[in-house]
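An overview of the molecular structure
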2 protein chains.
Amino acid sequence: MPSSVPRRRTRKDPAARRAEIVDAAAGVALREGLECVTLRRVAEELDVRPGLISHYFPSADDLVAEAFGSAATAETDALLPEEGPEGTPTEHLARFLARTTGESYDAISRLWINARHLSRYREALRERVAVQEAAWRARLEGLIRQGVETGEFRTGDPLVTTLQILVVLDGLGVDVNVGEEDLPEAVTCMAFRTAERELGLRQGTLTRVAESGQPSG
Amino acid sequence: MPSSVPRRRTRKDPAARRAEIVDAAAGVALREGLECVTLRRVAEELDVRPGLISHYFPSADDLVAEAFGSAATAETDALLPEEGPEGTPTEHLARFLARTTGESYDAISRLWINARHLSRYREALRERVAVQEAAWRARLEGLIRQGVETGEFRTGDPLVTTLQILVVLDGLGVDVNVGEEDLPEAVTCMAFRTAERELGLRQGTLTRVAESGQPSG
DNA sequence: CCTGCTATTGGTCGCGCACTCAATAGTTGC
DNA sequence: GCAACTATTGAGTGCGCGACCAATAGCAGG
């Protein structure tokens, strides 16, 4: 009794296969965490053998870094589209803050916490996190500079303001894995208040725009 | 040739041994991270057999949680002594912020990031983190209430102010594992500015007190 | 001194992990 | 229809992990 029948093989274009692997890995990273991005787990996801993953990623660390990069890039683009097709910087910023404060952002927060911690042990990931952070900052800074140009925002140093907003956002997201808690509103809207204060907007401006910005839900 | 000579055994009082284990585990957690707190690693630290650790901690998860609790409690006490022996609330707060901004705080930041992430997978740790966070908040809130009583601080809601300061501190600490970066001063001193603003202090008050507070060194 | 208690050991088991490599089977081009 | 190329498999290695358990040795009380 030959216990194993030979497996059906589906042979794919290397580039496509690689992309497929990265996608699957990014999915696992988002749903289950970066430490679950293992050769075996990703192989299972695609119904192939672990050796194949090794073939495309001789070092598993690179796969993890790539998985994070892919997931983070996708999310960055969703939250802060490179070219705002329509709408003022104020509207974009308001939408951005609303999204990063909303519950649906929890998965992304988790991913970032995950990546920042795992960076301690994995060099490839550490570099990737640094790159993504730079991109993230640049995107927000661009938006703010734009607003300064149109005269909507007023700030002495767009970079500093960008960083200040990000510090608050990071601080707010820190507890996704622990918190059963409901924070007081004065805390949850810190990002809005900080942005308004540092950009010379009247308090409540961004909150109000954010509310009227996505009314039909 | 009997390859193994029997080992010398040092028999200790259970309570003392347990404490010793927790201490060693806390040390490993601080230096190498919570995922390195394994039966084998802790046993090696104490020069005993892994089975012994299992004996005191039938579930390894409990050991990890305990290690974090021990390390975090020690650090909390160091940063915010329960009973300030001398000094005004303003001075205490200034010292606290100075310490949590200083470089020596990096190890603690790392530990918290570590714990908050690992909480995703380990329930015992998650509960422990929640407890430590509550303690941490209570301590800072107590200090702020004290300052309100003496009239040094003015805030409508001490709890909210406490949380706001903590959000900023968390946000600032988020990048210890990644950052080669030097942030602009306007960003590194956000915690001071936030505290001053929310407590009705003149800008620079806390920074100045912090500087004159630890002059000789 | 020896008897009983138990803290401690040594060994084992099964798991999931990354990594390696020869063999195999799809695919493409002739 | 055949040959060369290579994407994919299958099998195996060694590692560290948590968990379990019977045997042992240190210590205290009689």
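Up top you'll find the structure we're talking about.
Below is a short write-up of the structure. (Residues numbered from 1 in each chain as written. Chains lettered and ligands numbered in written order. Predicted model: local features only at pLDDT ≥ 70, side-chain atom pairs only at ≥ 80, totals over all residues. Heavy atoms only, no water.)

Overview of the protein's contact with DNA strand D
The environment of DNA strand D is made up of 22 residues, and the closest members are A:Arg9, A:Arg11, A:Tyr56, B:Arg9 and B:Arg11. Here, DNA strand D places atoms within 4 Å of the protein, and 68% of those atoms are sugar or phosphate. Take A:Thr10: an N or O atom from its main chain is 3.1 Å from a phosphate oxygen of DNA strand D. In the environment of DNA strand D, a base oxygen lies 2.4 Å from a nitrogen or oxygen atom belonging to the side chain of B:Arg9. The set of elements that each furnish at least two residues to the surface near DNA strand D consists of helix H1 (14-32) and helix H3 (50-56) of chain A together with helix H2 (39-46) of chain B. A per-element tally of the surface near DNA strand D places H3(A) first, with four residues. (Near = heavy atom within 4 Å. Polar contact = N/O pair within 3.5 Å; in protein donor to acceptor, adjacent residues only side chain to side chain. Helix = DSSP H or I, 4+ residues; strand = E, 2+ residues; numbered from the N terminus.)

Here we look at the interface of chain B and chain A
The partner chain A presents 40 residues to the 40 residues of chain B that form the contact. Here chain B packs against chain A, burying approximately 3300 Å² in sum over the two surfaces, 62% of which is carbon and sulfur. For the pair chain B and chain A, the number of links is four salt bridges. A salt bridge links A:Asp175 to B:Arg137, with the shortest nitrogen-to-oxygen separation between them at 3.9 Å. Between the two partners, chain B and chain A, sit 13 residue pairs in polar contact (both at pLDDT 80 or more). Ranked by residue count, the leading element in the side of chain B that touches chain A is helix H8 (residues 158-173) of chain B, at eight residues. Taken together, the residues of the side of chain B that touches chain A sort by class into 20 nonpolar, seven polar and 13 charged. (Contact = heavy atoms within 4.5 Å. Buried area = accessible area lost by both parts, 1.4 Å probe. Salt bridge = Lys/Arg side-chain N within 4 Å of Asp/Glu carboxyl O. Nonpolar A, V, L, I, M, F, W, Y, C, P; charged D, E, K, R; others polar.)

Topic: unusual backbone geometry
For residues besides glycine, phi is generally negative; the peptide bonds are generally trans as well. Residues and elements named next belong to chain A. We note that Asp47 has phi near 55 degrees; this positive angle belongs to a residue other than glycine. Structurally, Asp47 is set in the loop between helix H2 (39-46) and H3. Owing to a relative accessible area of 53%, Asp47 belongs among the exposed residues under this scheme. (Buried < 20%, exposed > 50% of the residue type's maximum accessible area, 1.4 Å probe, protein only.)

Regarding helix H6 (residues 106-118) of chain A
If you check H6(A), its first and last C-alpha atoms are 18 Å apart, about what 13 residues at 1.5 Å a residue would give, namely 18 Å. Of all 13 residues in H6(A), ten are buried; the element is thus mostly enclosed. Where H6(A) is concerned, the buried positions are A:Ile108, A:Ser109, A:Leu111, A:Trp112, A:Ile113, A:Asn114, A:Ala115, A:Arg116, A:His117 and A:Leu118. Summarising the contacts, the buried residues of H6(A) are in contact with H1, helix H4 (60-79), helix H7 (123-150) and helix H8 (158-173) of chain A together with helix H6 (106-118) of chain B. (Expected span 1.5 Å × (residues − 1).)

Structural notes on the environment of B:Tyr56
Residue and element names in this part refer to chain B. For Tyr56, the location among the structural elements is in helix H3 (residues 50-56). On the basis of relative accessible area, Tyr56 is assigned to the buried category, the value being 17%. Once the C-alpha coordinates of Tyr56 and Ala74 are considered, the two residues, 18 residues apart in sequence, prove to be 22 Å apart. Those residues in contact with Tyr56 that sit more than four places away from it in its chain are Pro14, Arg17, Arg18 and Ile21.

Section: the layout of surface pockets
Approximately 870 Å³ is the volume attributed to the largest pocket. What lines the largest pocket is a set of 35 residues, and nearest its centre among them are A:Leu172, A:Gly173, A:Val174, A:Asp175 and A:Leu183. Those elements that place two or more of their residues in the lining of the largest pocket are helix H5 (89-101), H6 and H8 of chain A together with H6, helix H7 (123-150) and H8 of chain B. When residues of the lining of the largest pocket are assigned to their parent elements, the largest contribution, six residues, is made by H8(B). Class assignment for the residues of the lining of the largest pocket results in 16 nonpolar, ten polar and nine charged. A volume near 700 Å³ is recorded for the second largest pocket. Along its surface, the second largest pocket is lined by 28 residues, and B:Leu172, B:Asp175, B:Glu181, B:Leu183 and B:Thr188 are the ones closest to its centre. Elements represented by at least two residues in the lining of the second largest pocket include exactly H7 and H8 of chain A together with helix H5 (89-101), H6, H8 and helix H9 (185-188) of chain B. Across the lining of the second largest pocket, the residue classes break down as eleven nonpolar, eight polar and nine charged. (1 Å grid on protein atoms, 1.4 Å probe; cavity = no way out; pocket = protein on both sides within 12 Å on 5 of 7 lines; lining within 4 Å. Points joined across faces, edges and corners; volume = space filled by probe spheres on them.)

Here's the deal with the protein's contact with DNA strand C
Surveying the vicinity of DNA strand C reveals 23 residues, the closest of which are A:Arg9, A:Arg11, B:Arg9, B:Arg11 and B:Tyr56. For DNA strand C, the fraction of atoms within 4 Å of the protein that belong to sugar or phosphate moieties is 68%. B:Arg17 places a side-chain nitrogen or oxygen 2.9 Å from a phosphate oxygen of DNA strand C. A distance of 3.5 Å separates a phosphate oxygen of DNA strand C from a polar side-chain atom of B:His55. Here the residues of the surface near DNA strand C are counted per class, giving seven nonpolar, six polar and ten charged.

Concerning the pattern of salt bridges
Note that side chains of opposite charge can pair when their charged atoms are close. All names here are of chain A. On inspection of all chains with the given rule, the structure shows 34 salt bridges over all chains. Here Arg41 ties to Glu32 by a salt bridge, and the two come within 2.7 Å at their closest N and O atoms. What emerges from the salt-bridge pattern is a single network uniting Arg31, Glu32, Arg41, Glu44 and Glu45.

Focus on empty space enclosed by the protein
Enumeration according to the criterion identifies one cavity of 30 Å³ or more in this entry. By volume, the largest cavity amounts to about 250 Å³. Of all the secondary structure elements, the ones that give two or more residues to the lining of the largest cavity are H6 and H8 of chain A together with H6 of chain B. Among the residues making up the lining of the largest cavity, the classes are represented as eleven nonpolar, two polar and three charged.

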